[in-house]
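A look at the structure
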Amino acid sequence: GVSYPFVTNNVWTLTDGNGSEASSIFYVVPQYIGSFVADFTYTGTNTAGATPADGVTFLVQNSPAGTNALGAGGGDLGYYGIGNSLAFEINVYTGANGGSGIQFGTDGSTPDSTTPTAPYFAPGAIILYSGDPIRVHVVYTGGVMSVTLTDTVNNDTYSTSHTFGDAASIVGSEIGYVGFTGGTGGDDAVQTVGNFSFSYTVPGPAGVSLAAASASGNIVISWPTNSTLTLQGSSVVTGPYTNVTTTPTVVNGTNQVTVPESGAAGFFKLSSN
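Described below are features of the structure shown in this document. (Residues numbered from 1 in each chain as written. Predicted model: local features only at pLDDT ≥ 70, side-chain atom pairs only at ≥ 80, totals over all residues. Heavy atoms only, no water.)

**Re the packing of aromatic side chains**
Inspection of the entire model under this criterion finds 15 aromatic pairs. On the basis of an interplanar angle of 45° and a centroid distance of 6.3 Å, the ring pair of Y140 and F164 is categorised as tilted. A residue pair is termed long-range when its members are at least 10 positions apart, and Y140 in strand β9 (residues 134-141) and F164 in the loop between β11 (157-163) and α1 (167-171) qualify at 24 residues. Judged on exposure class, the residue Y140 and its partner F164 are both buried. Every member of this aromatic cluster is reached through a ring pair, and the members are W12, Y27, F36, F40, F58, F88, F104, Y140, F164, F180, F196 and F198. (Phe/Tyr/Trp six-rings, centres within 6.5 Å; stacked < 30°, edge-to-face > 60°. Helix = DSSP H or I, 4+ residues; strand = E, 2+ residues; numbered from the N terminus. Buried < 20%, exposed > 50% of the residue type's maximum accessible area, 1.4 Å probe, protein only.)

Next up, the structure:
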């Protein structure tokens, strides 16, 4: 069956200990996905006496279903069936292709899907279904996704990377929906993600980067104070763009402008005009 994530105190329960589940959750405003940093805490716990299964993905996607995109459960991790996407995959099921581990996929592929990726591989000493909160740090730049996992209880850490290539070529756009999927099959697990943050950097004129980060219901847009460029905004990614009239606040050598996270979509760039 299909389940819908429970959201409590910034923790998203993607699977809740029942079998045959599939779930997904996305930010409603699409984000620039050409270069980004994401952080979240993953916790996977098996229910009493059960074999833990299956897993979750962190993904960016531009499928026709938008924020309603949802794939199949079980070893498909709620991901298989979501096209125009790329994902980092976590699987707690020891009977999966490759065993419990991590992998990277595109267009809905997992190691156990109909069009499989390579098998899962173990993240060093980290046990994904231990119940320990695992901090996940994701950096995507230059077509390469780098991931660092840290067990927050015993401080075990593991880092790896995967070359996807140009994200826009895979997703079909420079913007996409950012979120998570989860799935269980005949066996189950309680799987949550929390403390999620996402920010992107956009190369501007003369190599100056514009960054955006979520903070307490707002988006903080920042760029270096030594730049003579002007911040411009638009309600659509294709423009037209006009100068943002809000006076920036200077914090640690950067200009910062804060805009609401909710409401209509907004797109920003730096201009030499």
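**Details of the side chain of S63**
Here S63 is to be found in the loop between β6 (55-61) and β7 (85-91). On the basis of relative accessible area, S63 is assigned to the buried category, the value being 8%. Ignoring anything within four residues of it in the chain, the contact list for S63 reads A69, I82, G83 and N84. (Contact = heavy atoms within 4.5 Å.)

**Describing the nonpolar core**
Nonpolar side chains in soluble globular proteins tend to be buried together. F36 and M145 are the most contacted members of the largest nonpolar core, which has 48 residues in total. F26, L59, A69 and Y177 belong to the second largest nonpolar core, which has 10 residues in total. (Core = buried A, V, L, I, M, F, W, Y, C linked by side-chain atoms within 4.5 Å.)

Taken by themselves, the reported measurements are silent on function.
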